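Chain residues, written in single-letter form:
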Amino acid sequence: MKISALIEMYVAEIAGMPGKQFGESHLYTLRRLQKDPLAEVEAESLTPQDLIAFAKRRRQTVCPATVTQDLTYLKAPFDYAALGFNRADITPLAFVQAKPILGKNNLTGKGRPRDRRPTQEEIDRLNAYFDLHDREIPMRTLFEFARVSCRRRSEITRLMWGDVDME
């Protein structure tokens with residue numbers, strides 16, 4: 001079974017479970033992984049070298065934290081396969097074996113904490129842009145709300161009028 005098919009089975013299985021949903025970013029990452037050359041590898045023959053090659057390709061355009069996230073999301077279908085799909089021949093062993101090399105060679109790593117806030121000048125420039133281009137979506141209002149509430153885009157866009165306490 002190719003990795004792309006394993007991912008597809010996993011997405012269908014998890015999406016069909018009550019109360020389980022993939023986040024937008026998680027699902028996007030799984031779909032992107034299905035388009036990567038790694039997705040053509042047979043899942044039962046995945047090697048640490050396959051994962052290292054994948055990480056090297058990804059590191060050309062993204063930071064180590066993004067590669068870590070990609071591999072974490074990719075490992076989940078392998079973790080699930082033995083019991084969930086009765087596929088004892090598909091294991092996460094390659095991930096375990098590759099991990100020390102990935103970290104040692106800075107192919108994976110932790111994200112950098114944010115260490116600054118936007119300056120007033122940056123906020124003013126964004127607001128000026130929103131004022132000029134604010135047609136159908138009230139971006140200035142959404143930007144201000146996001147800034148003061150510290151909510152993620154997905155949290156903001158799921159809000160309903162019933163969630164608002166007008167008092």
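Since the structure is predicted, the reported quantities are computational estimates derived from the model, not experimental observations.

Conventions used here
- Residues numbered from 1 in each chain as written.
- Predicted model: local features only at pLDDT ≥ 70, side-chain atom pairs only at ≥ 80, totals over all residues.
- Heavy atoms only, no water.
- Axes fitted to C-alpha atoms, helices over the stretch in contact; angles between N-to-C directions.
- Helix = DSSP H or I, 4+ residues; strand = E, 2+ residues; numbered from the N terminus.
- Parallel < 35°, antiparallel > 145°, perpendicular 65-115°, else oblique.
- Contact = heavy atoms within 4.5 Å.
- Nonpolar A, V, L, I, M, F, W, Y, C, P; charged D, E, K, R; others polar.
- Phe/Tyr/Trp six-rings, centres within 6.5 Å; stacked < 30°, edge-to-face > 60°.
- Buried < 20%, exposed > 50% of the residue type's maximum accessible area, 1.4 Å probe, protein only.

Right, let's talk about the packing of helix H1 (residues 3–15) against helix H4 (residues 64–84) for a bit. In the contact formed by H1 and H4, the axes pass within 9 Å of each other and the chain directions differ by 75°. The orientation of H1 relative to H4 falls into the category roughly perpendicular. Judged by residue contacts, Ile3, Leu6, Ile7, Tyr10, Glu13 and Ile14 of H1 engage Leu74, Ala76, Pro77, Phe78, Tyr80, Ala81 and Gly84 from H4. Taken together, the residues that form the contact of H1 with H4 break down as 11 nonpolar, one polar and one charged.

Let us look at the packing of aromatic side chains. In this structure the tally under the stated criterion is six aromatic pairs. With a centroid separation of 5.1 Å and an interplanar angle of 70°, the aromatic rings of Tyr80 and Phe85 are classed as edge-to-face. Phe85 matches Tyr80 in its accessibility class, with the two residues each being buried. The rings of Tyr10, Phe22, Tyr80 and Phe85 are connected pair by pair, giving a single aromatic cluster.

At Asn86, a residue that is not glycine, the phi angle is positive and equals roughly 55°. Residues other than glycine seldom take positive phi values, yet Asn106 does so here, at roughly 60°. Mapped onto the fold, Asn106 is located in the loop between helix H5 (93–104) and helix H6 (120–133). Among the residues examined, Asn106 registers a relative accessible area of 44% and is labelled partly exposed.

Taken by themselves, the reported measurements are silent on function.
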